[in-house]
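# Understanding the architecture of this molecule
Chain by chain, the residues:
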Amino acid sequence: MLRLALAVLFAVCIPAAVARADEVDDVVRRYMAASHIPGAAVAVIKDGRTVRTSSYGVANLEWPGPVTADTPFQIASVSKVFGGIVLMRLVDKGLIQLDAPIDRYLGAVPDGWRPITVRHLASHTSGLPEGLGMPSSATPQQVLEAAKGRPLAYTPGAESRYGLTDFVVLTAVMERVSGLTYAELLKREVIEPLKLTRTGFAFVREDGRVRTAEVIPGRASVYAWRDGVQRDESYLYPVFTYSAGGLFASVRDIATLFTALDSGGYLSAGSLRELMTPARLNDGATAPFGIGWTVGTYRGEPVVGHTGGPALADIVHLPERSLTVISLVNQRRFYPLLSKSIADLSLPSTERTPGIRDTRPELTAVFRATLQDAASGRVDSARFGAKGAGAIGFLQDFGNALLAAVGPIKGVELLAERPEGDETRRVYRVTFERRVQPWVARTARDGAILELRPDE
């Protein structure tokens, strides 16, 4: 009888709960279920005011405790948002000039480095090499010295390549001019002025076979859903990377930071503008980075922010709408979909771009089959050309996580097609169960896939 009564009560309560559920909750919970996300936290800032903070699930699977707005999450490369702000605080104080050559602050540098400016470092356009192979115990100054002994990867300002060395050398600059470590700078310039209580570093160290770290009360553990089970999968961020990655922060603290930026007074208007302005390359083209922040467009509007992990943290700021969406999760096997999906709820509906006639439907059939296979964990390398290794790697890892999150394909439409020498670039609109996304597919003359990626 009790079981029957509970069943009736459950059946009665479900429609009421669905009727009351709001759209943000629906979006978050759908992705959590599809991508095995243990816990999440979300904040929405509109016109300089936090209008929503929501938390879901658990922070830790071994000793379950609910996620709250004050739960510190590992924010990975979203740490660069904070790093850019620390830099601009020093610019506001007259300690650093963005377009000054870095030898002004670092002293003697290799001849090839003389054109490199602070702006080059902050916008990933310096040409500094990656893969220095430094131990986790290295300091920013030691990484700087190691980089000096390696040739540049490209002419400063000629390209924009996302990497780590730029930000480590930038850290060395900031530490030299301030006389403080980066962690001390962050505390002085961000944490203390804004009274952030759940933001900081773990200071992980490796001592032989022992890894030690400071205690961060209540922090969310990081997991990765692999082979049908959750695995604890946290990444070791050495201290020398801290302006680029490794920060823990709560959604409430990040929301506090963005309300301060929106309200004015914390940063000068010019410095805030620099954060969100794309760097200009030598040929006049724009880079996809401002001062540590990503810069682009979304649904035809300017968008800035950053993702990290690739989606442990995701900040989407639409400056023309004074709208910011922050999402934090503790699942590494996810793709940055959550903040944009929540932002979509506040954006006006857009007229769907009509598809074009598909003169090579066989390419579309291969495209669709490749996505469907990748969603199931299968990638047929025979479909890819010699230049397609990057696409294969993506589909085997975070592309698989993306496809699991958005669900089965419901439709594919060709939006654009452009020949590029012996190659063809196609843009598709793919309607998935939980999201509509543009995808780019680039193929060789024989139809071999060279590039395959979402285009948003």
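Criteria and thresholds
Residues numbered from 1 in each chain as written. Predicted model: local features only at pLDDT ≥ 70, side-chain atom pairs only at ≥ 80, totals over all residues. Heavy atoms only, no water. Helix = DSSP H or I, 4+ residues; strand = E, 2+ residues; numbered from the N terminus. Rg over C-alpha atoms; globule rule 2.2 N^0.38 Å. Buried < 20%, exposed > 50% of the residue type's maximum accessible area, 1.4 Å probe, protein only. Contact = heavy atoms within 4.5 Å. Domains from an automatic or database assignment. Pairing = 2+ DSSP bridges. Axes fitted to C-alpha atoms, helices over the stretch in contact; angles between N-to-C directions. Salt bridge = Lys/Arg side-chain N within 4 Å of Asp/Glu carboxyl O. UniProt positions renumbered as here; feature names shortened; annotations may be inferred. Polar contact = N/O pair within 3.5 Å; in protein donor to acceptor, adjacent residues only side chain to side chain.

Per an unreviewed UniProt entry, the protein chain goes by Beta-lactamase-related domain-containing protein and derives from Phenylobacterium kunshanense.

The subject of this paragraph is the overall build of the protein chain. Each helix and strand counted, the protein chain has 14 helices and 17 strands in total. For 456 residues, the compact-globule estimate of 2.2 N^0.38 gives 23 Å, and the protein chain sits close to it at 23 Å. Seen along its three principal axes, the alpha-carbon backbone of the protein chain occupies a region of about 75 × 60 × 50 Å. The 456 residues of the protein chain split such that 52% are buried. Sequence-distant contacts, at least 24 apart, represent 63% of the contacts inside the protein chain between residues at least 6 apart.

On to the domain arrangement of the protein chain, then. Each domain of the protein chain was delimited in the assignment, giving domain 1 (34-82 + 184-273 + 282-345), domain 2 (83-182) and domain 3 (361-454). Spacing between the C-alpha centres of domain 2 and domain 3 amounts to 36 Å.

Turning our eyes to something else, we now look at the sheet that holds strand E17 (residues 449-454). Strand order in the open sheet made by the 4 strands is E14-E15-E16-E17, with antiparallel pairing throughout. Only two strands of the sheet have a single neighbouring strand rather than two, namely strand E14 (409-420) and E17. Within this sheet the neighbouring strands show an average axis-to-axis angle of 20 degrees, counted without direction. Strand contacts of helix H14 (residues 398-406): strand E15 (423-432), strand E16 (436-443) and E17, with the helix running at about 145 degrees to E16, the strand carrying the most contacts.

Bringing the pattern of salt bridges into the picture now. Under the criterion given, the structure shown has 36 salt bridges. The partner of Arg435 in a salt bridge is Glu456, and the shortest N-O contact between them spans 2.9 Å. Separated by 21 residues along the polypeptide, Arg435 in the loop between E15 and E16 and Glu456 in the segment after E17 bring together distant segments of the chain. A residue is classified by how much of its surface remains accessible, and Arg435, at 6% relative accessible area, is buried. The residue Glu451 makes a salt bridge to Arg442 at a minimum N-O spacing of 3.1 Å.

The next thing to look at is the sheet that holds strand E4 (residues 199-200). If you walk across this open sheet you meet the 3 strands as E3-E9-E4, and the pairing is antiparallel. Single-partner strands in this sheet number two, and they are strand E3 (73-74) and E4. Sheet analysis places E3 next to strand E9 (residues 248-249), joined by 2 bridges and oriented antiparallel. Paired with Phe73 across the strands is Ala249, a residue of E9.

Let's shift gears to the pairing of strand E11 (residues 301-308). Burial within E11 is extensive, with 6 of its 8 residues counted as buried. Here strand E10 (residues 294-298) runs beside E11; their pairing, made up of 5 bridges, is antiparallel. The residue bridging Thr297 from the neighbouring strand is Pro302, located in E11. Linking E10 back to E11 in an antiparallel pair, the connection comprises 2 residues, with Arg299 at a positive phi of about 50 degrees. Across 5 bridges, E11 lies against strand E12 (residues 313-318) in antiparallel orientation. Bridge assignment links Thr307 to a residue of E12, and that residue is Asp314. Counted between consecutive antiparallel strands, the loop separating E11 from E12 contains 4 residues, among which Gly309 sits at a positive phi close to 110 degrees.

Before going further, it helps to spend a moment on the UniProt feature "domain: Beta-lactamase-related" (unreviewed entry) in the protein chain. What UniProt calls "domain: Beta-lactamase-related" (unreviewed entry) maps, in this numbering, to residues 24-333. Summarising residues 24-333: 29% helix, 20% strand, and an end-to-end C-alpha distance of 21 Å.

Relative to the helices and strands, Thr364 resides in helix H12 (residues 361-375). Not counting the four nearest positions on each side in its chain, Thr364 is found in contact with Asp358, Val412, Arg426 and Tyr428.

The next point concerns the environment of Ser123. With respect to the helices and strands, Ser123 occurs in the loop between helix H5 (118-122) and helix H6 (140-148). Counting along the chain gives 129 residues from Ser123 to Arg252, while the straight-line C-alpha distance between them is 27 Å. Not counting residues within four places of it along the chain, the set of residues in contact with Ser123 comprises Ser160, Ala279, Phe289 and Gly290. At a separation of 2.7 Å, a polar atom in the side chain of Ser123 contacts the main-chain carbonyl oxygen of Arg119.

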